[in-house]
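Results of the structural survey
One letter stands for each residue in the lines below.
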Amino acid sequence: MPRSAELTAGAGLAITAESLYLINLLLAPGIGFLALLWLWTRGHALAPPLAAAHLSQTMSASLWAGILLVPASGLILLLGDHRSPGVWAVVIVYFTVCHAALVLCGALGLAKALAGQCWRFPLVGRPLPAGCNTRG
Amino acid sequence: MQYKSQAVAKPYFIAAIGLFIGQILFGLILGLQYVVGDFMFPEIPFNVARMVHTNLLIVWLLFGFMGSAYYLVPEEAERELHSPGLAILMFWIFLVAGALTVLGYLLVPYSGLAQMTGNHLLPTMGREFLEQPTITKVGIVIVALAFLYNVGMTVLKGRKTVVSLVLLIGLLGLALLFLFAFYNPDNLAKDKYYWWWVVHLWVEGVWELILGAILAFVLIKTTGVDREVIEKWLYVIIAMALITGIVGTGHHFYWIGAPEYWQWWGSIFSALEPLPFFMMTVFAFNMVNRRRRNHPNKAAVLWALGTAVMAFLGAGVWGFMHTLSPVNYYTHGSQITAAHGHMAFYGAYVMIVLTMISYAMPILRGRQAANSNLSQVVEMWSFWLMTVSMVFITLFLTGAGILQVYMQRYSTDPLPFMVVQEKIALFYWMREVAGLVFLIGLITYVASFFVGGRQPEPKATAMPEPAAG
């Protein structure tokens, strides 16, 4: 296999993984994650480096997203007084910023997958596997 | 510069930057008036400062769009501009008319200005963003027609590309929709209804076409990716922008006396409005990831990527936040709207004009492709200062807006407007500080034009082979 083809093998799976990550955040929370989990359990061990990297990144980022968005927001409401407007201001701004940042990371991940390149999510991403194309 | 006539873009860009500075200064005055109510009163009352702040924004963006078109169209059409002389003449007419209008706002009471300019003959004044005297509006139409004629003839006589046609459709839409500024029915519901045809269908309709075309042009030039690939993305993005944006106008019709079905149409279609902006982000980053060369103008690439991200956040995310009818019932016209307005205008339109200026100005000033490294570093500092401060302005206004909505509208024991304004004053102070940082960023931006002028420009490099690791 030519080197460039070798590097972009698994691009379809990588794009699907990033799309499911975004679907989970934007359209169908939970359902998107279950589909991603199914894909990850089937593919992550045997997939080419590009697909394995995107599967592992999106899986890890989805788990973090779940923690950052649901329990953390709940905790702010629980620890603060949920009848206080100040607490609502904090929780809404926190949720919006967090959610937007996670979606933005997914958009960048999708752009990388479309270009056949690996991408490590900032802070919440796992180290990239060997053999990943990190051009750009 | 490939075509001599592209040089007409330069005065448009300079005027745009000058008016941008004016807009920000008035923004700072306004921000202070939120917390020190009589600041500069009676010389510059709040309503006048607001009018100047918003009108300057519109006018300088129009200068930016026109300059961008005058630079972009000859290169796309592969021929000189139809009439560079007409472009320069229109520049001076627009600049003088704009300056006189702003002076009128500042020096004459608004009602007096209406009387002086013969508003009673064809009343069009007194509406937000369309405060210009009727005679100025007529001037805008004349300038727009001459501009469209000039650009249109250039496109028609030359090579027709997707980029130039999308730009032309966007500019044509801009001019045609402005005609609704002359329709001023007595019925207030009707007045508001058609007023949005100018305001909404500009910023969430045809301006997105202009944005998409300019972004595509800069990405073609800086990444070396095949035009066909970029054009396909552009088609899909503008289709989504129009599909969602046109019916999405309904999110302005919730509470103005329009039929109830707009609650549904407005909510559904405007909830989809983030889509084109999301696609724009994926598009811009995908093209840069697939680039065939490292363009020496790194600042322009940074502005282009920044446009996509900030437009998605400001127009997409912050727009979605309050677009559904049941949410908008509480948030309508609150500081949440101001937060959205600030980030959306900055992300989508300020940044795309600055992207084009960043790409074109070095060439217009006689360089091959880019400014020196020093100049670019200063410019990139300005990018981060302005962008980060705009993020903070948005966050502070969002916090203020949530508190405002809760205390004034949601609470079982709602407080009066002015009492709430006092309670959220801290957020306004923080917004003002962020605004000052924005001004520092803008000064840095202007400074970038005056540093490193004698230093050589960096060279373009080919992209290395994909690296594994």
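Scroll up to find the structure this text is about.
Quick summary incoming for the structure in this document. (Residues numbered from 1 in each chain as written. Chains lettered and ligands numbered in written order. Predicted model: local features only at pLDDT ≥ 70, side-chain atom pairs only at ≥ 80, totals over all residues. Heavy atoms only, no water.)

In a regular helix each residue adds 1.5 Å, so 21 residues correspond to 30 Å; helix α4 (residues 49–69) of chain A covers 29 Å between its end C-alpha atoms and thus fits that length. Here α4 of chain A lies mainly inside the structure; 15 of its 21 residues are buried. (Helix = DSSP H or I, 4+ residues; strand = E, 2+ residues; numbered from the N terminus. Expected span 1.5 Å × (residues − 1). Buried < 20%, exposed > 50% of the residue type's maximum accessible area, 1.4 Å probe, protein only.)

The next thing to look at is the interface of chain A and chain B. Counting residues at the interface gives 31 residues for chain A and 28 residues for chain B. Summed over both partners, the interface of chain A with chain B comes to about 2400 Å²; 74% of that surface belongs to carbon and sulfur atoms. Between chain A and chain B we count zero salt bridges in total. Between the two partners, chain A and chain B, sit three residue pairs in polar contact (both at pLDDT 80 or more). Elements with a contribution of two residues or more to the side of chain A that touches chain B: α1 (3–8) and α6 (85–114) of chain A. Among the elements that make up the side of chain A that touches chain B, the one with the highest residue count is α6 of chain A (17 residues). Here the side of chain A that touches chain B is composed, by residue class, of 19 nonpolar, eight polar and four charged. (Contact = heavy atoms within 4.5 Å. Buried area = accessible area lost by both parts, 1.4 Å probe. Salt bridge = Lys/Arg side-chain N within 4 Å of Asp/Glu carboxyl O. Polar contact = N/O pair within 3.5 Å; in protein donor to acceptor, adjacent residues only side chain to side chain. Nonpolar A, V, L, I, M, F, W, Y, C, P; charged D, E, K, R; others polar.)

Here E432 of chain B shows up in helix α16 (residues 425–447). At 3.4 Å, the side chain of E432 of chain B and the backbone nitrogen of L32 of chain B are in polar contact.

Residues and elements named next belong to chain B. Scanning the model with the defined rule gives 50 aromatic pairs over all chains in all. Taking the centre distance of 6.5 Å and the plane angle of 45° together, the rings of Y105 and Y110 count as tilted. Accessibility expressed as a relative area gives 23% for Y110, which makes it partly exposed. With a centroid separation of 4.9 Å and an interplanar angle of 90°, the aromatic rings of F383 and W384 are classed as edge-to-face. W384 gets classed as partly exposed once you look at its relative accessible area, which sits at 49%. Feature note: the residues F180, Y183, Y193, Y194, W197, F253, Y261 and W262 constitute an aromatic cluster, connected by ring pairs. (Phe/Tyr/Trp six-rings, centres within 6.5 Å; stacked < 30°, edge-to-face > 60°.)

Moving on to the pattern of salt bridges. Residues and elements named next belong to chain B. Tallying each qualifying case throughout the model produces eight salt bridges over all chains. For D191, the salt bridge is made with R127, and the minimal N-O distance between the two is 3.1 Å. Of the two residues, D191 sits in helix α7 (residues 188–223) while R127 sits in the loop between α4 (110–116) and α5 (134–157), which places them 64 residues apart along the sequence. With respect to class, D191 is no different from R127; both count as buried. Across the salt bridge formed by R227 and E231, the nearest N and O atoms sit 3.7 Å from each other. Of the two residues, R227 and E231 both sit in helix α8 (residues 227–247), four residues apart, roughly one turn of that helix. On the basis of relative accessibility, which here comes to 18%, the residue R227 falls in the buried class. By relative accessible area, which is 13% here, E231 ends up buried.

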